[in-house]
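Close look at the chain arrangement
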Amino acid sequence: MESKHKHFKVLTLAGCLLASMASATVFASQLVIMQNEPPRSMDPGNQTATFTGTVLDPMYEGLTRLGDDGKIIPALAVSWTSDDSGLNWTFTLRPNVKFHDGTPFNADAVVENFQRHLNTQRGLAGSGKIRTFIQDVKKKDDLTVTFQLKKINPAFLTVLASGPGLMVSPTADKAGSINNKADGTGPYKLVQYKSGEYVLEQKNPDYWGKSSGPDEIKWTWSSEPSVMNMALQSGQVDIINPVPPQFAGMLKNNANVNLKQSPGAAVFWVDLNTQSKALSDVRVRQALNLATDQQALVKAIMFGYAQPANSALAPVDPNYDKALHDYPYDLQKAKDLLKAAGYADGFPMSIAVQAPDARTAQVLQGMWSKIGVKLNVRQMESGVWTKAAFADGKEKAAQGTDAVLASWSSGLYGSDLQLRPLYHTSSFAPGGANLGFFSDKQTDELIDTAASTLDDAKRKDLYFQAQKQISGLAPQVLLFYQDDLYAARKNISGVVMQPGGQIVVRDAVKQ
């Protein structure tokens, strides 16, 4: 009996060892990424957030795609041509492609994808990028579609590679499930989206192209910087994005970690509700800018991993105006402006922020108190913040939301996709990201004219004028340009960081 018992124990231990080895093999082919916020939607056309775009990228594709060098390459379209006017485009589609649910990708699918954005009743968050310049999309045959533009847009092919240009399954869209269940044509497909916990993606065995990435990609999130730091240092996750600035130095000195840093495209700012009584006065908005010590803010919040913002465009944008400097820190001038506007004793206002930005708002609270402004900081969970930030004018008035702390990056997608969603009259929330309902005819005209100007020098001059106009009218308080920072364990390679903070992991390698 004893020998049999020992033999059984040996077999059991061997079985446990094999099970452990099998488990390790599965784990080795799973890439785990932690970000600082959850995804806002599984529909790429119904969101505008950088870190949501990161989660969705492995599952979705557009007709075009941005290569690692930022140049346009074919994706679901194999080729395209335009006529001499630049207003009529013809795309030849990739054959034998299916969405994850089995629905064929063809001309009908492309037409349905763009019609949902042209339909103003849908109210999708990314539709503003499409509606401003696309007139119509039509099927020529199963593998050919034609686009008719309202006006020339030098960024047209780039827009097709961004959020609203990414193709979703028409079947899933009609069923109304796309917000919670991703359904694209990409190299990864959604296995599970456990709201509040994680997103699990698995390699798509029917993918039309090649994919060298891991078997699975798991996305988690935490708004606590210390949690992100410890998760990476302990090996619980393979990548964190973005790196909390206060831990960047520590991670840089960790022999098991690679810290990647590059100039950022993300602009952090406070969007001021221009329909609020006090903030409807440009002098009040200018005063808040003058009362903001950007250098101190960068030091206190970003630990040096950011630069003070002087323009609505970031320095990585080719049309950025580095000479713009309208608001040096000047408390006396700020007080004088408030007094002239009838607010000599200041006024109360409230700001909606997400957890990662709460500290920034608290620092601003202290700064602005020096000119009598009593800032009420309302910290919100990501989903609640999104609803508050993208509420329309009536809802914001009912909420008492005077300002929203936010960031925006068009990354490689160009100046128009930085300025139009934030400052054009046609981009009022909830249909766009003009969260403060800023409306200025001259700004609209400059943005529109620049977007359809093919001459680089003339377009740059128009964007310089637009930056100056926006700066003078101060619809926001500009804060800083955050450096793009992500960190990965040393055994991770093949990750690409795009300007703006979005990382591409579909071809990542875990050794």
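Located above this text is the structure these notes cover.
Each chain has its residues counted from 1, running along the sequence as written. Totals for whole chains, interfaces and linings use all residues, but because this is a predicted model, local features are given only for residues with pLDDT of at least 70 and pairs of side-chain atoms are given and counted only at 80 or more. Values reported for side chains reflect all heavy atoms of the structure, with hydrogen atoms and water molecules removed beforehand.

1. Considerations on the sheet that holds strand 5 (residues 88-93)
Through backbone hydrogen bonds, the strands of a sheet pair up, either in parallel or in antiparallel fashion. Condition: When DSSP finds at least two bridges between two strands, those strands are taken to pair. Starting at the N terminus, helices and strands are each numbered in turn, a helix being any DSSP run of H or I of at least four residues and a strand any DSSP run of E of at least two. Interaxial angles span 0 to 180 degrees and are taken between N-to-C directions of axes, which are lines fitted to C-alpha atoms, for helices over the stretch in contact.
Read from one edge to the other, the open sheet built from 4 strands follows the order 4-5-7-6, with strand pairing classed as antiparallel. At either margin of the open sheet sits one strand with a lone partner, and together these are strand 4 (77-82) and strand 6 (134-141). Here the strands of the sheet are splayed against their neighbours by 20° on average, with no regard to which way each runs. Where strand 6 and strand 7 (residues 144-149) come together, 6 bridges link them in antiparallel fashion. Paired with aspartate 136 across the strands is glutamine 148, a residue of strand 7.

2. Digging into the side chain of threonine 453
How we decide: Between buried and exposed lies partly exposed: a residue is buried under 20% and exposed over 50% of the maximum accessible area for its type, with that area taken using a 1.4 Å probe on protein chains only. Two N or O atoms count as a polar contact when they lie within 3.5 Å, although within protein this holds only if one can serve as hydrogen donor and the other as acceptor, and sequence-adjacent residues are included solely when both atoms are side-chain atoms. Whether two residues touch is decided by their heavy atoms; if any such pair falls within 4.5 Å, the residues are in contact.
Checked against the element boundaries, threonine 453 lands in the loop between helix 16 (441-451) and helix 17 (456-473). Under the relative-accessibility criterion, threonine 453 is labelled buried at 13%. A polar side-chain atom of threonine 453 sits 2.6 Å from the main-chain carbonyl oxygen of threonine 449. Setting aside chain neighbours within four positions, we find threonine 453 in contact with Pro154, Lys458, Arg459 and Leu462.

3. A look at the pairing of strand 16 (residues 374-380)
Note the cut-off: Handedness of a crossover: with both strands directed away from the viewer, a clockwise path from the first strand across the helix to the second marks it as right-handed.
Sheet topology note: the strand 15 (residues 348-354)/strand 16 ladder contains 7 bridges and is parallel. Residue pairing in the sheet places proline 348 in a bridge with lysine 374 of strand 16. Once you follow strand 15 into helix 12 (residues 358-368) and on to strand 16, the crossover reads as right-handed.

4. Quick notes on the packing of helix 15 (residues 416-423) against helix 16
Quick reminder of the rule: Roughly parallel means an angle under 35 degrees; roughly antiparallel means over 145; roughly perpendicular covers 65 to 115; every other angle is labelled oblique. Crossing handedness is defined as follows: a turn of the near helix away from the far one that is anticlockwise and smaller than a right angle gives a left-handed crossing, while the clockwise case is right-handed.
The geometry of helix 15 relative to helix 16 is characterised by a closest axis approach of 10 Å and an angle of 150° between their N-to-C directions. By the angle between their axes, helix 15 is roughly antiparallel relative to helix 16. The two elements helix 15 and helix 16 meet at a crossing, and its hand is left-handed. In this structure, helix 15 contributes Asp416, Leu419, Arg420 and Tyr423 to the contact, and helix 16 contributes Thr443, Asp444, Ile447, Asp448 and Ala451.

None of this, on its own, says anything about what the molecule does.
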